Amino acid sequence: KLHVPTVNQRQNDSTSNREDRPGGNPTLPELPPDSANVTEISNQPGAYLVKIPEGIRGGMSFPITIHGKQLAVTCPNRARPGMSVRIVPPPLPVQQLPHPKKGDEDEVEEA
């Protein structure tokens, strides 16, 4: 006897990340939100304003999250809590496709 789950049973299965979900696409994990003290600078791609948290002084580091990545920001010597500093974090790594090995190229037969 074959058991076919109802729509409600499928919706309640929140632990499933398999490709057999309706639509055939696996769900992607959600990235953690950006830190509340981080603002993207709209006219400067890749640059952010970071508000210095309470208790942080010059030379101290504090964590922030941008696009799911946790970074450590070092407070400049003259900055104080409540002030904003501009940062440009390193670019996110781009996943590169492997290059084909010699002999793996598509072969074309001439007629």
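Residues numbered from 1 in each chain as written. Predicted model: local features only at pLDDT ≥ 70, side-chain atom pairs only at ≥ 80, totals over all residues. Heavy atoms only, no water.

Remarks on the pairing of strand β3 (residues 61-66)
- Inspection of the sheet shows β3 paired to strand β4 (residues 69-74) by 6 bridges, in the antiparallel sense. Counted as the bridge partner of S61 is T74 from β4.
- Hairpin connection, β3 to β4: the antiparallel pair is bridged by 2 residues, and H67 has positive phi, about 50°. (Pairing = 2+ DSSP bridges. Helix = DSSP H or I, 4+ residues; strand = E, 2+ residues; numbered from the N terminus.)

Remarks on unusual backbone geometry
- One non-glycine residue, H67, adopts positive backbone phi at about 50°.
- Structurally, the position occupied by H67 is in the loop between β3 and β4.

With respect to the confidence of the model for the protein chain
- With 57% of its residues at a pLDDT of 70 or more, the protein chain has an overall mean of 75.
- Note that pLDDT drops below 50 for residues 5-21; the model gives that stretch 16 contacts with residues more than four away or on any other chain.
- Note on residues 104-108: pLDDT is under 50 here. Beyond four places in sequence and across chains, it has 0 contacts. (pLDDT = per-residue confidence, 0-100. Contact = heavy atoms within 4.5 Å.)

Notes on the side chain of S35
- Among the secondary structure elements, S35 is positioned in the loop between α1 (7-12) and β1 (38-40).
- The class of S35 is buried, set by a relative accessible area of 18%.
- A polar contact is formed between the side chain of S35 and the backbone nitrogen of T65, at a distance of 2.6 Å.
- When residues no more than four places from it in sequence are discounted, the contact partners of S35 are I64 and T65. (Buried < 20%, exposed > 50% of the residue type's maximum accessible area, 1.4 Å probe, protein only. Polar contact = N/O pair within 3.5 Å; in protein donor to acceptor, adjacent residues only side chain to side chain.)

Quick word on the pairing of strand β2 (residues 48-51)
- Judged by which residues are buried, β2 turns out to be one-sided: Y48 and V50 face inward and are buried, whereas L49 and K51, on the alternate face, are not.
- Here 3 bridges tie β1 to β2, and the two strands are oriented antiparallel to one another. Paired with T39 across the bridge in β2 is L49.
- Direction of pairing for β2 relative to strand β5 (residues 84-87): antiparallel, over a ladder of 4 bridges.

Digging into the side chain of T65
- In this fold, T65 is placed in strand β3.
- The residues touching T65, leaving out its near neighbours within four places in the chain, are P32, P33, D34, S35, V38 and Q70.

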